[in-house]
Every structure is written in structure tokens, then in C-alpha cells.
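Here are the chains, one letter per residue:
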Amino acid sequence: MTWLVVNDTHLGVQRAGGTTRDSAEALRAFLRERFSRLLAGHSKVVVNGDLFDTFEVPVADMLETYVELSSWLSKGGERLHLLPGNHDLSKNSSNMSSFELMARLLCMQYPQRVSYLPGGGWIDQDDGMYGLSH
């Protein structure tokens, strides 16, 4: 089975300029639905940064993403590697981002199948696949 590598999904996006409340929500819903469809066809996934649009997304968006990934894992998802991007980390590393909180929760729930790789790490040593956080 091949790996799905996903980056820059920017879930939880909140745009104000050039949007209405309805169009901004439609964009958020479209991105969530698209992410869900991507997961459905794969059993091994690497999130390579910027899963969320900002360091701190609304709790509802973080929880919806957590539930989506947890559901995917409980329905046969084999491996999930989570690497943060520039939007996922604090500038001074003193605060925990929405991404890091979600990653830690998933690692606790699925310790054998989920890894959080804040600086990067091996995805699949047999295939020589190494991920770098950006």
C-alpha cells in the first residue's frame, strides 16, 4: 500500500476579506470534506505540515479533525505520521498549538499507529522515506 502525503490543507481557515459568513463557512466545509475523502482511500498517511490554517484554530475545528482522524484509524487506518509546518508551531515554543494538542491526543489513543514528529523523522525506513518538518 502506498503512502498518502498531505500538506497545506489549512483546515479551520477563517477568511474575512472578500467573503460573506456563508461563503467563509462553505470554504471551511469544503476543506473538511475534501480532507475526509482523501483519507478514505488510504491506510497510511503522512501529514506534512499546515494541517490547520493557524497556530490556534477554533476548538470545534480541531475537534472535528481529531474525530475524523480517530475514526479513520478505528476503521482500518494503519499508520499516521504528523509533522508540523510553520503554521502549526508557536514562534517562541512556549504555547501548545491546536495541531500539537491534536497530535498528542492521537498518539495517546493510538500509540502504535500514530507518531508526532516535530522536527522530522523516519516515516518508512524499509522504503527510505524520511519526513522533514517545514
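Just so you know, these numbers come straight off a predicted model, no measurement behind them.

Here is what the cut-offs are and how they apply
- Residues numbered from 1 in each chain as written.
- Predicted model: local features only at pLDDT ≥ 70, side-chain atom pairs only at ≥ 80, totals over all residues.
- Heavy atoms only, no water.
- Helix = DSSP H or I, 4+ residues; strand = E, 2+ residues; numbered from the N terminus.
- Buried < 20%, exposed > 50% of the residue type's maximum accessible area, 1.4 Å probe, protein only.
- Core = buried A, V, L, I, M, F, W, Y, C linked by side-chain atoms within 4.5 Å.
- Axes fitted to C-alpha atoms, helices over the stretch in contact; angles between N-to-C directions.
- Parallel < 35°, antiparallel > 145°, perpendicular 65-115°, else oblique.
- Left-handed = near helix turned anticlockwise from the far one by under 90°.
- Contact = heavy atoms within 4.5 Å.
- Nonpolar A, V, L, I, M, F, W, Y, C, P; charged D, E, K, R; others polar.
- Pairing = 2+ DSSP bridges.
- Right-handed = clockwise from strand over helix to strand, strands pointing away.

Attention now goes to unusual backbone geometry. With the exception of glycine, most residues fall at negative phi, and the peptide bonds are largely trans. Unlike most non-glycine residues, H10 shows phi in positive territory, near 55°. Checked against the element boundaries, H10 lands in the loop between β1 (4-6) and α1 (21-40). Judged by relative accessible area, which is 16%, H10 ranks as buried. Residue D50 is not a glycine yet carries a positive backbone phi of 55°. Here D50 shows up in the loop between β2 (44-48) and α2 (59-74).

On to the nonpolar core, then. Judged by nonpolar contacts, the single largest core of 24 residues is most densely connected at L51, F52, L80, L82, F99, M102 and L106. Of all the elements in the fold, those that place two or more residues in this core are β1, α1, β2, α2, β3 (79-83), α3 (98-109) and β4 (114-116). The element that contributes the greatest number of residues to this core is α2, accounting for 5 residues. With 5 residues, the next largest nonpolar core counts W3, V46, L83 and I123 among its residues.

Attention now moves to the packing of α2 against α3. Interhelical geometry of α2 versus α3 gives an angle of 30° and a closest axis separation of 10 Å. Classified by the angle their axes make, α2 and α3 are roughly parallel. Between α2 and α3 lies a crossing of right-handed hand. Where α2 abuts α3, its residues M62, T65, Y66, L69, S70 and L73 lie against S98, L101, M102, L105, L106 and Q109. Looking at the contact of α2 with α3 residue by residue, the classes come out as 8 nonpolar, 4 polar and no charged.

A large share of β2 lies buried, amounting to 4 of its 5 residues. Judged from the 3 bridges that link them, β1 and β2 form a sheet pairing that is parallel. Within β2, the residue paired with V6 across the bridge is V47. Pairing of β2 with β3 involves 5 bridges; the strand directions are parallel. By the bridge assignment, V45 is partnered in β3 with L80. Handedness of the crossover joining β2 and β3 through α2 is recorded here as right-handed.

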